[in-house]
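# Coordinate analysis (summary)
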Amino acid sequence: MRIVGPSMLSALKRLSVSHQNQPILTLSLRSVHSQYGTMSLPERKPFTPDFFFRQLFDGESSTYSYLLADLKTGEAVIIDPVLEQAKRDAQLVKELGFKLKYAINTHMHADHITGSGWLRELTGCQSVIAAASGAKADCHLNEGDRVEFGSHVIDALATPGHTNGCMSYVIKDQGCVFTGDTLLIRGCGRTDFQEGSPKNLYENVHSKIFTLPENYRIYPAHDYKGQLESSVWEEKRYNPRLTKDLEEFIKIMDNLNLPYPKKIDASLPANRECGVYDIPKE
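First, a word on scope: everything that follows refers to the structure included in this document. (Residues numbered from 1 in each chain as written. Predicted model: local features only at pLDDT ≥ 70, side-chain atom pairs only at ≥ 80, totals over all residues. Heavy atoms only, no water.)

## Thoughts on the overall build of the protein chain
The number of helices and strands found in the protein chain is eight helices and 14 strands. Accessible area of the protein chain: about 14,700 Å², with a carbon and sulfur share of 54%. (Helix = DSSP H or I, 4+ residues; strand = E, 2+ residues; numbered from the N terminus. Areas by Shrake-Rupley, 256 points an atom, 1.4 Å probe, with all protein chains shown as cover.)

Here is the structure:
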């Protein structure tokens, strides 16, 4: 152990006094940001204390599912569940003491089978999808319909383009939108099957999603580069496809030359039935 002697104590005191007489240099995060031109990045609206949010992931399909709940009532919903993760999701709901009210799909997926059918059997929840999708479900949604869980409300926006039955789900009180495959992080869903239309996708994103407040968080159904979320502000400025004009966007989408989705032949028939007939037998 080193003992501090009187001379060292005196030196420390002098150093302390000299620092007290010097101006302290402080750089706020906002001032640093202003140097690099990010001052216009809007402040995000925090989630309210009674709102539960959990982002879940399926590695095989790179699908995000979202478990949302009212912490006061315990009512919960899940957006875009995946069949292979249904048991995981049901177990999580049970462990957290929630009651799953709805399993909601943003559209009829082609790259995986929805977990809503199996979750319906495991938890007693109701399945939900857009009426325009043509898929079976307990509840069918149209533009302007609302889904309630506890005191929280999801507003349905019809945003076809990737498919003819795409919905985006807005929670105004939490400042967020769940965009499915319509709007991805720095991208968008393909438009070359399931009655897709690049013109419809472009117009719906610009008129219904890009007109939301710029600080709204964007939560997509997929990401392939490890990003978790975006914002309206970001995508309006940096989305490499949707910042183009309509004519150029259509050219881009018509020339993507993407491969045929691996699971489409199994996924679409199952998802038309809300995934019910393809539930694993245990």
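## Things to note about empty space enclosed by the protein
Applying the stated rule across the entire model yields one cavity of 30 Å³ or more. Taken as a whole, the largest cavity encloses approximately 40 Å³ of empty space. Together, Asn105, His107, Met108, His109, Thr114, Ile129, Ala135, Lys136, Asn271 and Cys274 line the largest cavity. Residues of the lining of the largest cavity, tallied by class, amount to four nonpolar, five polar and one charged. (1 Å grid on protein atoms, 1.4 Å probe; cavity = no way out; pocket = protein on both sides within 12 Å on 5 of 7 lines; lining within 4 Å. Points joined across faces, edges and corners; volume = space filled by probe spheres on them. Nonpolar A, V, L, I, M, F, W, Y, C, P; charged D, E, K, R; others polar.)

## Structural notes on the sheet that holds strand E6 (residues 139-141)
Read from one edge of the open sheet, six strands run E1-E2-E3-E4-E5-E6, paired in mixed fashion. Two strands close off the open sheet at either side, each with one partner strand: strand E1 (51-58) and E6. Sheet twist, expressed as the mean angle between neighbouring strand axes with direction ignored, is 20 degrees. Strand direction decides the pairing type here: strand E2 (residues 63-70) and strand E3 (residues 75-79), joined by four bridges, are antiparallel. When the sheet's bridge partners are listed, Ala69 is paired in E3 with Ala76. Across the sheet, helix H4 (residues 116-123) lies against E3, strand E4 (99-104) and strand E5 (126-130), angled at about 165 degrees from E4, the strand it touches most. (Pairing = 2+ DSSP bridges. Axes fitted to C-alpha atoms, helices over the stretch in contact; angles between N-to-C directions. Contact = heavy atoms within 4.5 Å.)

## Notes on the sheet that holds strand E10 (residues 176-180)
The six strands are arranged E7-E8-E9-E10-E13-E14 in an open sheet whose pairing can be described as mixed. Where the open sheet ends on each side, the last strands, each with one partner, are strand E7 (146-149) and strand E14 (230-231). Sheet analysis places E10 next to strand E13 (residues 217-220), joined by four bridges and oriented parallel. Considered in E13, the bridge of Val177 is made with Ile218.

## What about the pairing of E4?
Pairing analysis gives five bridges linking E3 to E4, with the strands arranged parallel. For Ile79, the partnering residue across the bridge sits in E4 and is Ile104. A crossover connection joins E3 to the parallel E4 through helix H3 (residues 86-95); in handedness this β-α-β unit is right-handed. Taken together, the three bridges between E4 and E5 define a ladder with parallel strand orientation. (Right-handed = clockwise from strand over helix to strand, strands pointing away.)

## Notes on H3
Along H3, the residues that are buried comprise Ala86, Asp89, Ala90, Leu92 and Val93. Along the long axis of H3, the arc covered by the buried residues comes to 160 degrees, so they all point the same way. Turned more than 90 degrees off the buried face of H3, the exposed positions are Lys94 and Glu95. Among the structural elements, E1, E2, E3, E4 and H4 are those in contact with the buried residues of H3. Two residues or fewer after H3 comes Gly97, characterised by a positive phi angle close to 75 degrees. (Buried < 20%, exposed > 50% of the residue type's maximum accessible area, 1.4 Å probe, protein only. Arc of directions from axis to C-beta.)

## Remarks on the pattern of salt bridges
A side chain of one charge can pair with a side chain of the opposite charge if their charged atoms are brought near each other. Under the defined criterion, the tally for this structure stands at 18 salt bridges. As a salt-bridge pair, Arg120 and Asp138 come within 2.7 Å of each other at their nearest N and O atoms. With Arg120 in helix H4 and Asp138 in the loop between E5 and E6, this pair connects stretches of sequence that are 18 residues apart. For Arg120, a relative accessible area of 39% gives the class partly exposed. Between Lys136 and Glu273 there is a salt bridge whose closest N-O contact spans 3.0 Å. Linking Lys136 in the loop between E5 and E6 with Glu273 in the segment after helix H8 (264-272), this pair joins segments that are 137 residues apart in sequence. Linked by salt bridges that have partners in common, Arg44, Arg217 and Glu229 make up one network. (Salt bridge = Lys/Arg side-chain N within 4 Å of Asp/Glu carboxyl O.)

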